[in-house]
Amino acid sequence: MKKSLFTALLLSSSITGFSQEKVKYIEYDLANGMHVILHEEHATPIVAVSVMYHVGSKNENPSRTGFAHFFEHLLFEGSTNIKRGEYSELVEKNGGALNANTSQDRTYYYEILPSNQLELGLWLESERLLHAKVDQTGVETQREVVKEEKRQRVDNQPYATFMENLFKMAYKNHPYRWVPIGSMEDLNAAQEIDYVNFYHTFYVPSNAILSIAGDINVEQTKKWIDKYFASVPKGQAINLFRDFENLGEGEFKTKYGVEKLSFDPKNFNNPTDAKAKELLKKYTAMACEIPKPNPAFEPISGIQRETVYDNIQLPAVFMGYKFPKETDKDFAAIEMLNAVLSGSNSSRMNKDIVEKKQQAVAAFSFAFNMEDPGLGIVAAIAANGTKVEDLEKSLDEEIKSIQDNLISEEEFQAVRNQFENQIVSSNSTVAGIAENLAQNKMYFGSTELINKQMEIYMSITREDIQRVAKKYLTQDNRIILYYLPKEQKQ
């Protein structure tokens, strides 16, 4: 999404002297189900206002993929009270920056503002939640934006389809089998009602976490939260209100059997008309059901091989392994394993395959941080003249070595230092703290985990790293993709 030059300055504003201390916060639930997390820190006159919605590509209809990512774009279009194109302008002209991102599991929106503009950020996010313009004009505008993004980031980028191909092969039933960018065919086929239904289903208070960090006064912040979010109707009453705002009088009466005039637009939650009261009570009591997929583990059976001919000059090997979900007790050890393999210039794959053997221009491994059981990747892009079969063999040798032998004490200490620095850095800005608080609550059900990350990673042993290498880098059950230049296709 749009991002001003000032973003870099805001994101890099460190909380000096605080980052290594315990992150203090308060949290509570609003009556409509929205979870609120507040972190007060006065080191810099900046505040991060964020809302994380528990909706990602895994929540999509298989025939309507790409919706979660599409909404990341669409909900910057404007609202009942914000003109099209004005959303970003309001933030930037008040000295702030904004952005959003989507994964398989959640969608995250945030503004970083001078602390005297906190109320502006809260109003903007409440508008996105309650009053967003989900109509054909916005859909058509953003459809073209998303198409261009896909062309630039996937279609016209070398090797960029590896993720799409790996996930499609690794998942047969779970909706991780498609990637967040989704299908342009699905987005083109969708009607306005499909987008409205998605908004009504997932953009509700009980599916959201409001996380605020920075130079705030907690009591004043709570008052503004009450003003802008506590008044958002509970349960399906939020969609009753949205229909009240967007449907014509005839459509509204046909759908609900009550005249729109029975409600007061300025005091929707407190109608005086008896029928309107009864209708509002009924819909308030109706919980918002959030469709969720079955998180059952889907193993990779045997070795699945495929060759992809791409617009590339250098061949590459991508190997996919089934990894546990991010909340699994083994995940921290897996991340440390990947750091030993490829986490720095002194890592094993870089020293052995890139520098010593000179078989690759790049070699890497990583784990996707997923809410349900996910994937790990081990990959390399071949140096000129290297056969992909030889590159695969060298990658396998690196895996076998770390499975058969404990890493050295020197490697172990280096990777511990690396993660210690990463954890400290992730909580050194108000933007990082706001996101970490929300994500720990959403994925792990524990906001307090933000203060336990160091303990978790520092408890990992060399034996743990060797154990997870044996358990998850299963050479007999994996996906192997060869990427070859198109001119090699027979």
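Criteria and thresholds
- Residues numbered from 1 in each chain as written.
- Predicted model: local features only at pLDDT ≥ 70, side-chain atom pairs only at ≥ 80, totals over all residues.
- Heavy atoms only, no water.
- Core = buried A, V, L, I, M, F, W, Y, C linked by side-chain atoms within 4.5 Å.
- Buried < 20%, exposed > 50% of the residue type's maximum accessible area, 1.4 Å probe, protein only.
- Helix = DSSP H or I, 4+ residues; strand = E, 2+ residues; numbered from the N terminus.
- Contact = heavy atoms within 4.5 Å.
- Salt bridge = Lys/Arg side-chain N within 4 Å of Asp/Glu carboxyl O.
- Pairing = 2+ DSSP bridges.
- Axes fitted to C-alpha atoms, helices over the stretch in contact; angles between N-to-C directions.

Residues Phe71, Tyr203, Leu210 and Phe263 are the most contacted members of the largest nonpolar core, which totals 71 residues. The leading source of residues in this core is helix H4 (residues 118-130), at 6 residues. With residues up to four places along the chain from it excluded, the contact list for Phe71 reads Tyr109, Val134, Tyr195, Phe198, Tyr199 and Tyr203. Core analysis: the second largest hydrophobic core is formed by 42 residues, Ala333, Val340, Phe412 and Leu473 among them.

Where burial is concerned, most of helix H2 (residues 67-74) is hidden: 8 out of the 8 residues are buried. Phe67, Ala68, His69, Phe70, Phe71, Glu72, His73 and Leu74 are the residues of H2 that are buried. Here the buried face of H2 lies against strand E4 (97-102), strand E5 (107-114), helix H5 (136-155), helix H7 (184-189) and helix H8 (192-202).

A few words on the pattern of salt bridges. The final tally for this structure, using the stated rule, is 27 salt bridges. Between Lys471 and Asp330 there is a salt bridge, and its shortest N-O distance comes to 3.4 Å. Here Lys471 is found in helix H19 (residues 462-472), whereas its partner Asp330 is found in the loop between strand E8 (316-323) and helix H13 (331-342), with 141 residues between them in sequence. On the accessibility criterion, Asp330 (2% relative accessible area) is buried. The closest approach of N and O atoms between Asp396 and Arg478, which form a salt bridge, is 2.9 Å. Of the two residues, Asp396 sits in helix H15 (residues 388-404) while Arg478 sits in strand E11 (residues 478-485), which places them 82 residues apart along the sequence. Grouping residues by exposure puts Asp396 and Arg478 together as buried.

This paragraph deals with the sheet that holds strand E6 (residues 208-214). The 6 strands lie next to each other as E1-E2-E6-E3-E5-E4, forming an open sheet whose pairing is mixed. For this open sheet the edge positions go to strand E1 (26-29) and E4, each flanked by a neighbour on one side alone. Averaged over neighbouring strand pairs, the angle between their axes works out to 15° when direction is ignored. Sheet topology note: the E4/E5 ladder contains 6 bridges and is antiparallel. Paired with Ala97 across the two strands is Ile112, which belongs to E5. Sheet contacts for H2: E4 and E5; angle to E4, the most-contacted strand, approximately 170°.

Distances and angles like these do not, on their own, reveal function.
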